[in-house]
Every structure is written in structure tokens, then in C-alpha cells.
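For reference, the chains in residue letters:
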Amino acid sequence: MNTKKESRTGRIIFCVIIALCMVGAMLLLNKQVQGSLVTKSLLPTLDATPIYEDIDKNDGLQVSYTAESSMRISAIDVLLIGTDEATEEDELTVTVSADEDTYTTEPVKVADIMPGEWYSISLDAMLNEGTTYDITVVSDCDKLRFMSVSGYEPGISIGYEVVVSDHVSLGDIFYYSRALVMLAGVTLILLVLFGKKRLLQAIEKVKITDWIAGFGNEVFLIILFVTLCLKIYVTAYVDGVYITADSDGYLREAMNLVSGNGFAYDGLAGYDSWFANWPIVYPAMIAFIMLVSGLNAYLSSKIVAFICIGLIFICLYIRYRKKSWIYALAFTNIGFLQMAYNTWSEIPFVLFLMIFAFALADICERKDAKISKYILLGISALLVFLTRYFGIFVWFVMGGYIVLMCGQLIGEARKDGVKIKEYITKNGYMSIKRPLRLTVTAGCSGIVALGYLVMNKIKNGNPTGVSRGTWWDDYQTLTNDLVHSLVTEIFNVFSLQVPEFVERMPEYLQLWCVLAVIIAIIIYVVKHCKRNSSASVLFVLATAYYLIFICVRYRSSMDTFYYRFFAPATVLLVLGIIDTALNGRWEQKIADKSMVRYVAAAITALLIASSITSIAKVSENNNHPYYDVITANWDGIYEKLPKKSVLIWGDLDYRSTWYRPDVINGELFMDDTVDAIKERYAPSEHVLMRRSDAQIVVSEAEYDNSLRDLIQNAIDCSQETDKYVILY
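Residues numbered from 1 in each chain as written. Predicted model: local features only at pLDDT ≥ 70, side-chain atom pairs only at ≥ 80, totals over all residues. Heavy atoms only, no water.

*Asks:* Before we go on, may I ask you to explain the environment of Glu700 in this structure?
*Replies:* Among the structural elements, Glu700 can be located in the loop between α24 (691–699) and α25 (705–716). The exposure class of Glu700 is partly exposed, given its relative accessible area of 30%. (Helix = DSSP H or I, 4+ residues; strand = E, 2+ residues; numbered from the N terminus. Buried < 20%, exposed > 50% of the residue type's maximum accessible area, 1.4 Å probe, protein only.)

*Asks:* Would you mind showing me how to read the environment of Ser64 here?
*Replies:* Within the fold, Ser64 resides in strand β4 (residues 61–66). Take Ser64: its relative accessible area is 31%, and that puts it in the partly exposed class. Residues Ser64 and Pro154 lie 90 residues apart in sequence; the distance between their C-alpha atoms is 5.3 Å.

*Asks:* Quick question: what am I supposed to make of the sheet that holds strand β17 (residues 724–726) here?
*Replies:* Across a sheet, strands are paired by hydrogen bonds formed along the backbone, either parallel or antiparallel in direction. The four strands lie next to each other as β15-β14-β16-β17, forming an open sheet whose pairing is mixed. This sheet does not close on itself; its edge strands, each paired only once, are β15 (664–666) and β17. Direction aside, the axes of adjacent strands within the sheet are offset by 35° on average. Looking at chain direction, strand β14 (residues 645–648) and strand β16 (residues 686–690) are connected through four bridges and run parallel. (Pairing = 2+ DSSP bridges. Axes fitted to C-alpha atoms, helices over the stretch in contact; angles between N-to-C directions.)

*Asks:* I would appreciate a short explanation of the packing of helix α15 (residues 475–493) against helix α17 (residues 507–528) in the present structure.
*Replies:* Between two packed helices, both the angle of their axes relative to each other and the distance between the axes serve to describe the pair. One way to put it is that α15 packs onto α17 with a least axis distance of 9 Å and a crossing angle of 50°. Considering their axes alone, α15 and α17 lie oblique with respect to each other. In the packing of α15 onto α17, the handedness of the crossing is left-handed. Here α15 contributes Asn480, Val483, His484, Leu486, Val487 and Ile490 to the contact with α17, which in turn contributes Glu507, Gln510, Leu511, Val514 and Val517. Of the residues in the contact of α15 with α17, the class split is seven nonpolar, three polar and one charged. (Parallel < 35°, antiparallel > 145°, perpendicular 65-115°, else oblique. Left-handed = near helix turned anticlockwise from the far one by under 90°. Contact = heavy atoms within 4.5 Å. Nonpolar A, V, L, I, M, F, W, Y, C, P; charged D, E, K, R; others polar.)

*Asks:* Before we go on, may I ask you to explain the packing of aromatic side chains in this structure?
*Replies:* Going through the model one piece at a time under the given rule, you end up with 35 aromatic pairs. A cation over a ring is seen here: Arg388 above Phe349, with NZ or CZ 4.8 Å from the ring centre. Sitting over the face of the ring of Tyr728, Lys678 holds its NZ or CZ atom 5.4 Å from the ring centroid. (Phe/Tyr/Trp six-rings, centres within 6.5 Å; stacked < 30°, edge-to-face > 60°. Lys NZ or Arg CZ within 6 Å of the ring centre and 35° of its normal.)

*Asks:* Sorry if this is basic, but what is going on with the pairing of β16 here?
*Replies:* Taken residue by residue, a regular strand's side chains alternate between the two faces of the sheet. Alignment of β16 against β17, held across three bridges, turns out to be antiparallel. Of the residues in β17, the one forming a bridge with Arg690 is Tyr724.

*Asks:* What is the right way to look at the confidence of the model for the protein chain in this model?
*Replies:* Detailed reading of predicted coordinates is not advised where the pLDDT is low. Of all residues in the protein chain, 85% attain a pLDDT of 70 or more, and the chain-wide mean is 82. Averaged over each element, pLDDT in the protein chain is lowest for helix α20 (residues 587–591) (54) and highest for helix α6 (residues 281–293) (96). (pLDDT = per-residue confidence, 0-100.)

*Asks:* In this structure, what is going on with the nonpolar core? I would like to understand it.
*Replies:* Counting residues in hydrophobic clusters, the biggest one holds 132 residues, and the most contacted among them are Phe313, Leu316, Phe331 and Phe393. Element by element, the count of residues in this core is highest for helix α10 (residues 346–365), at 15 residues. Excluding residues within four positions of it along the chain, Leu316 makes contact with Arg321, Ser324, Tyr327, Ala328, Phe331, Met354, Phe358 and Leu575. If you look at the next biggest cluster of nonpolar residues, it comprises 32 residues, including Val78, Val96, Tyr103 and Ile158. (Core = buried A, V, L, I, M, F, W, Y, C linked by side-chain atoms within 4.5 Å.)

This is the structure:
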């Protein structure tokens, strides 16, 4: 009896000690940190229709602001949407003054201010309620451009960092520290009072593990889907705009499709240009979302990425059911996410490639596969090709499997000791059904793909829009880039950036590392991958992609090797490795779910934290996403260009030509005449030049006199402040 009382007393004393430690920790967290501030951003909402305020060199821009309440500010926030080639010496200062109170920021380098992003300039100032302050911005840069904001003082894209409190505690600096202390203290007290065994029994009564076993897979897929979509939206819309030359082509064609111009990607400009440089499916998907949602082309491209990722997860769920959450982790690959940030066709390409792989796997696994599987295989093969021309490699894969199946048929005939013809006669149609159907599928879909290329050849002059022969290449540099890109793929799989010490390794050492990984994968596949399984098809498809693409790249000049080219194959390879692991010798170990639960719980917690961060970012920046800022800059440029115009020697942002597809870039040659220009650009209503270029042409005697007279007249009819002159 005394022993029980002593034990109970000991536990109570221990709990009191824990409680006192909690109180001490809370007091420590409440300790104020000298010199720290809590601030909030007071930023304007950008106008839907942007207006601009320019500051010319050494001309101060002055606006006013009346403080609605007394407040202390710690910084002035500025958002510039344009700088004209700021030098390292160009500086900017902001002065806030009223009566005798004058506060001036330290000069900041204009080159350090990123256009389209808010930039904080330190300024410790006290603003009094009801007082009107003059805000003066001075810069020695040639020109700076702010956005004008109606209904807001000071009326331009300037904001403040308002000091909420200068009494900052350790608990405020270390987020959630108070909650963690409370949670840890309560948990320890419960463990002391009831013990680990009784506590776990109480938790198990909640049946949370049964719920996770029943719905955890589906919930995980949904959480991962939401996380990826938020990540793409925040990175590629709120915080940045990812548009390359290829992206511009896709978006331009989508705009023309929506306008009813079909394959004519310059149709809105009045030209009968045939869209052949890229296949049509991806622009068509963007155009469909634009028509359904009414969203702009760029955001519609992100919606296409969301839908494709959702369909990928649905395909994984249909095929792998309760294990699908593990396969879905393959799509946290950094390379895959980078492709999703950019407006590229690789995301739907991966979706169609995965459907092709699963359909082919079903045919390989079962000799009596339904005819619907062959139809799905043929359709997915066409979609792969019509998303990226390189998708033609899937017919090489189908051809390889046809040969393999025929070889198996010959082997079975030899085993029976008969000739192949006798074997087929003996076993009937069933013996040749699979290779025959696969041949018909490959042949029919291949004829359609070939017809598409012939159509391009007739309309454009090249089957794929441009000549894709070897233009130039430094093969040593190309090989080094190949090694670097394969090293990057290894780290991308684990969502890691390539460490600096690896990047600095000599190319031959990096090559040996890549070869070691390749050999390890080959040994693993040979030992553990089952023949004619879905994993084997994924491996074959990935290997064929890698090898054929490397060969094509060495015979055709295009971008050098980088993640964009290899990420689709890497995703398939990882899916194959996971499939082999989950259905091989690790299957029983993974069936013991204790470790898997902890891994899944940790990953889920990270995904939820990432989603919360993304939501907070959207909430914080929803008033001024980077897309709005960059398009506001384009609006300012394009407002000076009339509809259906040609800009000779255009200097437009290459990312923006889809934004006004009625405007095209033009050329001017030494032997051109006025009639030649009018004939070449007959569909356009106006021809323009930069004023500086026009003055150069007029001064060059080599140009035709009538053309020089036309340009000189255009210069005379324009204002000196006009950047562009209209020739006609």
C-alpha cells in the first residue's frame, strides 16, 4: 500500500515539476527582444486597367498622402514596372515631408529593384493623424515607371511597412513555440499519469487508424493534388510568369483557336500562317479552358496543368488503388514541377504517355486483353504524338513489342517441334491475336500520325514546321550538358537541388556517378522486375525515350540537354521502380504498415504545411500578382501600337507576342521599296518603326529613296516624345 502511495506521490511531484517547467518556458518566451519590430504591409490594390506614372531623369515625382491615423512606419515599399536600362550608378530616394518634419531614405540602387516586385526601402518616420505629407521620388535613372492607383493615396504603387508593435517577445519570433511548449507539457503529464500503454489504448479507441486504412490513400492523393496546384499557382502566377519562346507559340495559337482561326497562329493579324512548329493538342486544350472559363490564355494553361495532374492521379488510383499514394510521390519531382510552372506541352504529354504505358502493359500481361485496350493504346499513342512530335517514338516501342511477341510465337512453335505455320493452324487465331491486333493498332494510328505530318508538309513546307537538321553544335559541350542534365535528374527525383560540390566536380567524375546509378538500376531491374509486367513496360518505355532522344539530339540542333527533355522519362522510370518494389521482395516489408504510416504522416504534414503557406501567399499577394504587373507593363507598350500592325525590327518582349496576336514583328531589307513593304505586309493595316531605327534608315543612302521619303514623312508627322512612328 505504501508503495502505491509513494508511486502516486512521485507521479504528482513529477507532474508539478513539468508544469513549473512549462510556466518557466512560457515566461522565457514572453521575454522582449530589444530592437525588434512587428510590422504589417499597407499596400494598394492595383487597378484592373493600369495607368502609368513615369519619372524622367532628375525629374522628381511628387504625390501627397493624408494619414488617417497616427502611425510609425519602418519602410517605404515601391513597385516599379519598368526601368530603362538602369546602370549600377543610378539611384533612387524617397522623401516624406510635412511642415518641419522631413524624412528621407538612404539612396538605393535602381538596378537592385526587380520590376514587378515590391521593394522595401528603410525609413523610420512618424506620421500624425490628419496631416498631409508630400512624398517625393527622385531618381537619376533615364526613366522609371510606377503604376497609378485610383482611390488610394498617394495614388501610385507606393506602400508602407507600418509598425504594429515594438514589443516583440521570443514567442513572437519563434512561431508556434508557445503551442509546442503546451503540447509537449500536456503530453508528458499524460504519460506520467497514465503511462504509454494506457494512453495508446485510449488513442486506438478513437479508430483513427481504421479510418486512415480505409480513406487515407484517397485523402493523401487529394492533399497532394491541392498542394501541387497551389504551388504551381503561387510560383507561376502570383510570384512570377514562366513563358518561353515555345510557350508564346502555344498561347498565340490558343488565342487564334478561340477566335475561330484554326491552325493559323497569325490569323488575328490577318495572315494565313500554318501552325506546324508544334503539334495542336496542347494549344487546343488551353483554348478549350479559355472558352469554358473565360480566363486569359496564360492562366488557362495553368488550369490545364491542374487538370492533367488530377487525371494522372485518377489513372494511378484506377490502376494501383490503395497503393496509388506511393506512386503519386513520383510527381513531386522538381523537373516535373518546373515543367508545370512553364507553359509547356510536357505535362499533358506525361499524362498521355502514362495512359499509353498502362494500356500496353495490360496487353502484355494478358493474351486475351479486350479490344478496348488496343483502341485506348492507339488513341493514347496519337495524343502523345499530337502533344509533342517526339512522341513518334512510341511506334518504335510498339514495333519492338510486335517483334518480341512474334519471337515468342516462334519459340513456342520450336518448343512443340513444329513449324510456325503448323503451330498457328493447330492453335488457331488465339495464338496470333495479340501481335496481330497490336500490328493493326500501330498501323492505323501510325497512318493518322503520318497524315498529320503530310498535311503540315503541304501547308508549311516542313512536316514539323521548320528544318530540324544539324545547324551547329559543339559536341564536347553538348556531351558535358548531357552528363549535367542526367546528374540533375538523379537529384530531381528526390526533390533536391544538385549540391554545389557535385556541380563543381569534373565532368568525368560526374559521368562515372551517372554510370554507377544506371548500372545499379539495370541490376535491380534484371533481378526483380517480372517479364511482361506493367513495371517492365514502364522501364522499356523510359529507356527507349532516353536512348532515342539522345540520338535525335546529336543529329538535330535544338536546345541543349536539360531537365525539360528527360523529366517525362524519369517519371516513368520512377513509377517502374516503385511498381517493382511494391510487387517484389519488398512487398511483405511494406505490408507491415507501421513504418509506412509514419512516413505517410510526415509527408502529409509537410504537404499540409506547404498548402497553408501557399494559401497565405495567395492571400497576401492576391491584390498584385506578378501576372497583373507584367501584363500591365505590356499594356503600356502595346497601347502605342494600333490594331493589326507590323513593327519593323520589333523590340517587344518575346514573351508577350501572344498577348496581342494582331501585332507581328517585321523586317526591312536594303533592297526593299515601299511597294515591296506594302505587298509583304498587305494583311496588316499599319506598319511602324521605332523612332530611333527610322532615323537611322533615313540617314543611310543605301535604302530606296521612296522608302526613305515615306519614313521621313512619318517622323515629321510624329511627336519627338513618340517611341514609334507610323509609316502608313
